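# Analysis of the macromolecular model
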Amino acid sequence: MEGNTNKVTSVWAKVLIYIALSLGAIVMLFPFIFMILTSLKTYSESIAVPPKIFPSIAQFDNYKTAMEMAPFDIYFKNTVISAVGNTILTIFVTIFAAFAFTRYKFFGSNTIFTLLLATMMVPGEMLIIQNYQTVSALGWIDTFKGLIIPYIANVFYIFLLRQYFMQIPEQLYKAAKIDGCSDWKYLWKIMIPNTISAIVTIAILNFIASWNAFLWPLLITNKDNMRVLTIGLTHFTNESGSQVHLQMAAATIIIIPVVIIYLFLQKYIISGVTRGGLKG
Amino acid sequence: MKKKANLSNATKTTIKHNFLGYLYLLPTLIITLVFVVYPLIMSFRMGFYEKYNYYTEVGTGFGLSTFKFVLNDPSFQKALMNTFLIVIVAVPVSMIIALAIALLLNAGIKASKVFQAIYFLPYVTSVIAIGIVWSWLFHSDFGYINQFLGLFGVEPIQWLNDPKMAIWALIIFNIWSGLAFKIVIFLSGLQNIDPQYYKAAQIDGTPKWKVFSRITLPLLSPTVFFLTITSIIGSFKVYNEVFALFGGKPGPANSCMTVVYYIYDMFYGSSQVHKAAAASIILFVIILIITGIQMVLSKKLVHYK
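Quick summary incoming for the structure in this document. All of these numbers come straight from a predicted model, not from anything done at the bench.

Take the overall build of chain A next. Looking only at helices and strands, chain A has 14 helices and zero strands in total. In chain A, the order of α-helices and β-strands from amino to carboxyl end is α-α-α-α-α-α-α-α-α-α-α-α-α-α. Its C-alpha atoms give chain A a radius of gyration of 24 Å, more than 25% over the compact-globule value 19 Å for 280 residues. The principal-axis extents of the C-alpha atoms in chain A amount to approximately 75 × 65 × 35 Å. Put simply, chain A has 280 residues, and 53% of those count as buried. For chain A, the share of sequence-separated contacts (at least 6 apart) that also reach a separation of at least 24 residues comes to 73%. Total accessible area on chain A is roughly 12,800 Å²; 67% of this is exposed by carbon and sulfur atoms. Positive and negative side-chain charges in chain A, numbering 19 and 12 respectively, have mean positions lying 12 Å apart.

Structure below.
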């Protein structure tokens, strides 16, 4: 609807736009298509020169073989537990913090908020050295606690949700107070239901980020039964050598769940990213 | 009497607000203090140690010698050079492509949503997983990239084995994986431009290229600026891409060393914690400087509505 006066009207221009966008789409999709097609090839098909684009018979057994060569079911379970656990805790922490900043005038609240925003400038990569030692001192190496806890307070999400919370009219709070509603109840009955789409957006973005996390899990998981998918995959590719068809099956296992979530919840993901991006 | 009651009520509210405010904020404060503030302080202390024993966790000497070592380390210099190359090549190239795609997506065609969904896909996928896919696309013998170039008579390129070519493989992968975010941000920037500007231009019969250079581009300048800054900061943090493309090595003959790779390698690979800390302080300072430039310049140069 916006910018409709900027629309292209001529048929030829439209055709050219479609051609250009389609070529671009092929470039963007090609690695995914290659991944899925190769995951269904036999070994000899996967390294044929010139390459065969399609497998003659889809080898679904590749997935089974890959799962037998490395415990992808365990990696999968670990990834689900840490991504879901991280997301649930992050949401609670975010909601509470955003509520504190919107509802209460407490000593130093503005200063604390500014300091929290300032921590966004600190590159996470800088903190991993000491955090590794902290987690190790706590005995959290190779545990879900170690994978999850350090990353449940996200300043950007707190900032985002605070913006939404602030849009809820103050009168609602006063009305609720007159009805004898406690702050806790007000949070759950008014604030959260009214900002649920923002909370869902944050949850999805956080879930995808922790599903794809790599550097931190790489540091703090050593045991095979605690590895997550991204780490399991890199070990698997090193061990499986040139068996590209199996590697692609393993990569598909990691990528497909998020792609499915993405296809269903695109609206939330894109709006979350643009809100985060344009804030700058 | 009445006044006194009011006063004590107000004090009660203040105490209650202080108590509840901190109570709700407590999880955030604890986590931030333990996993952001404390490690930040410790990194600074660690970086200034001249010697550090990883096993006894004892640091000795206090000074700048570790910074001197890191800044003179050829690996670290390579990391900075690579970042520089990514900044001058990948950042502008990916910005131009992303802007072009965003303009096409914004031209009012019907399938725009479908294309948008496709273009944004790399953003949600694991860099590690898709990076391994790309490492096969770059394969010198049966990778599709060399096959495609072969159609134009190009001899097979040793993308991942030749130290001179490896950085270009990294840059190509970097451009591809960074497009998604930039396209979405550009598109949203384009859609935020007030349509009245275009209406006015249409009434005046302004030619299309002039509409673009006089209206679209200036009004998009905050977006361009924001993406430039975030891409430059991102270039200093490239790590997963390298790990995936080169199977856990910083490229052939360390040719794709990056700042974060250096930090991680110093820490985990060679247990030189103080050197890793010094490198991470340098990274922090670089990011602070870039962010500072952003703040100053955005006030002076960028058009905001």
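Let us keep going from here.
Turning our attention to the overall build of chain B. Looking only at helices and strands, chain B has twelve helices and two strands in total. Compactness check: chain B gives a C-alpha radius of gyration of 26 Å against a globular reference of 19 Å for 305 residues, more than 25% above the reference. If you line up chain B on its principal axes, its C-alpha atoms span 90 × 65 × 35 Å. When burial is assessed residue by residue, chain B has 51% of its 305 residues classed as buried.

Residues and elements named next belong to chain B. Within the chain, A253 stands out as a residue other than glycine whose phi angle is a positive 50°. Secondary-structure assignment places A253 in the loop between α10 (240-245) and α11 (259-269). Of note, S271 is a non-glycine position whose phi angle comes to about 55°, a positive value. Considering the arrangement of structural elements, one finds S271 in the loop between α11 and α12 (273-300).

This next bit is on the side chain of R103 of chain A. Its location among the elements puts R103 of chain A in helix α4 (residues 72-103). Exposure remark for R103 of chain A: the relative accessible area of 10% places this residue in the buried category. A distance of 3.0 Å separates the side chain of R103 of chain A from the side chain of E170 of chain A, its partner in a polar contact. When residues no more than four places from it in sequence are discounted, the contact partners of R103 of chain A are E170, Y173 and Y186 of chain A together with H17 of chain B.

Residues and elements named next belong to chain A. Taken together, V11, W12, V15, L16, I19, L23 and I26 make up a surface patch of nonpolar side chains, about 770 Å² in accessible area. Looking at where I26 falls in the secondary structure, it is placed in helix α1 (residues 11-39). By relative accessible area, which is 51% here, I26 ends up exposed.

The next point concerns helix α9 (residues 208-235) of chain B. With 28 residues, α9 of chain B should reach 40 Å at 1.5 Å per residue; the first-to-last C-alpha distance of 34 Å falls well below that figure. Its axis deflected by about 50° at S221 of chain B, α9 of chain B carries its strongest bend there, up to four residues before the proline P222 of chain B.

Let us now look at the nonpolar core. In this structure, I95, Y186 and L187 of chain A together with Y119, F120, W134 and Y239 of chain B are the most contacted members of the largest nonpolar core, which totals 199 residues. In terms of residues, this core owes the most to one element, helix α7 (residues 163-191) of chain B, which gives 16 residues. Not counting residues within four places of it along the chain, the set of residues in contact with W134 of chain B comprises P31 of chain A together with I145, I172, F173, W176 and L245 of chain B.

Once that is clear, we can look at the pattern of salt bridges. Residues and elements named next belong to chain A. In this structure the tally under the stated criterion is five salt bridges over all chains. Taking the shortest distance from any N to any O, the salt bridge between E45 and K52 comes out at 3.4 Å. Under the relative-accessibility criterion, E45 is labelled buried at 7%. Under the relative-accessibility criterion, K52 is labelled partly exposed at 36%. Close ionic contact of K177 with D183 constitutes a salt bridge, the shortest N to O distance being 3.1 Å. Looking at D183, the relative accessible area reads 5%, which means it is buried.

Residues and elements named next belong to chain B. Put simply, helix α8 (residues 195-204) and α9 touch, their axes get as near as 11 Å, and they point 170° apart. Viewed along their axes, α8 and α9 adopt a mutual orientation that is roughly antiparallel. Of α9, the residues touching α8 (which contributes Y197, Y198 and A201) are V211, I215, T216 and L219. Residue composition of the contact of α8 with α9, by class: six nonpolar, one polar and no charged.

All names here are of chain B. Packing of helix α3 (residues 74-105) against α9 leaves a shortest axis separation of 10 Å and a crossing angle of 140°. The pairing of α3 with α9 is recorded here as oblique in orientation. The element α3 and its partner α9 pack so that their crossing is right-handed. Where α3 approaches α9, its residues T83, I86, V87, V91, M95, L99 and L103 are matched on the opposing element by F212, T216, L217, L220, V224, L227, T228, S231, I232 and S235. Looking at side-chain class alone, the contact of α3 with α9 contains twelve nonpolar, five polar and no charged residues.

Chain B puts 97 residues into the contact, and the matching count from chain A is 101 residues. Summed over both partners, the interface of chain B with chain A buries about 8,700 Å², with 76% contributed by carbon and sulfur atoms. It is Y24, F35 and Y144 of chain B in chain B that bury the most area against chain A; as a group they hold 10% of the surface buried on that side. At the boundary of chain B with chain A, the tally comes to one salt bridge.

Let us look at the pairing of strand β1 (residues 49-53) of chain B. Residue and element names in this part refer to chain B. Relative to strand β2 (residues 58-62), β1 is paired through four bridges, and the arrangement is antiparallel. In the sheet register, K51 faces β2, and the bridge partner there is T60. In textbook terms, the turn of a hairpin is the stretch between consecutive antiparallel strands, and for β1 and β2 this stretch comprises four residues, one of which, E57, has a positive phi near 55°.

Calculation notes
Residues numbered from 1 in each chain as written. Chains lettered and ligands numbered in written order. Predicted model: local features only at pLDDT ≥ 70, side-chain atom pairs only at ≥ 80, totals over all residues. Heavy atoms only, no water. Helix = DSSP H or I, 4+ residues; strand = E, 2+ residues; numbered from the N terminus. Rg over C-alpha atoms; globule rule 2.2 N^0.38 Å. Buried < 20%, exposed > 50% of the residue type's maximum accessible area, 1.4 Å probe, protein only. Contact = heavy atoms within 4.5 Å. Areas by Shrake-Rupley, 256 points an atom, 1.4 Å probe, with all protein chains shown as cover. Lys, Arg positive; Asp, Glu negative; His and termini not counted. Charge placed at Lys NZ, Arg CZ, Asp CG, Glu CD. Polar contact = N/O pair within 3.5 Å; in protein donor to acceptor, adjacent residues only side chain to side chain. Patch = residues over 30% accessible without salt bridge, like charges linked within 9 Å, V, L, I, M, F, W, Y side chains within 5 Å. Salt bridge = Lys/Arg side-chain N within 4 Å of Asp/Glu carboxyl O. Expected span 1.5 Å × (residues − 1). Bend = angle between axes of the 7 residues up to and from the residue. Core = buried A, V, L, I, M, F, W, Y, C linked by side-chain atoms within 4.5 Å. Axes fitted to C-alpha atoms, helices over the stretch in contact; angles between N-to-C directions. Parallel < 35°, antiparallel > 145°, perpendicular 65-115°, else oblique. Nonpolar A, V, L, I, M, F, W, Y, C, P; charged D, E, K, R; others polar. Left-handed = near helix turned anticlockwise from the far one by under 90°. Buried area = accessible area lost by both parts, 1.4 Å probe. Pairing = 2+ DSSP bridges.

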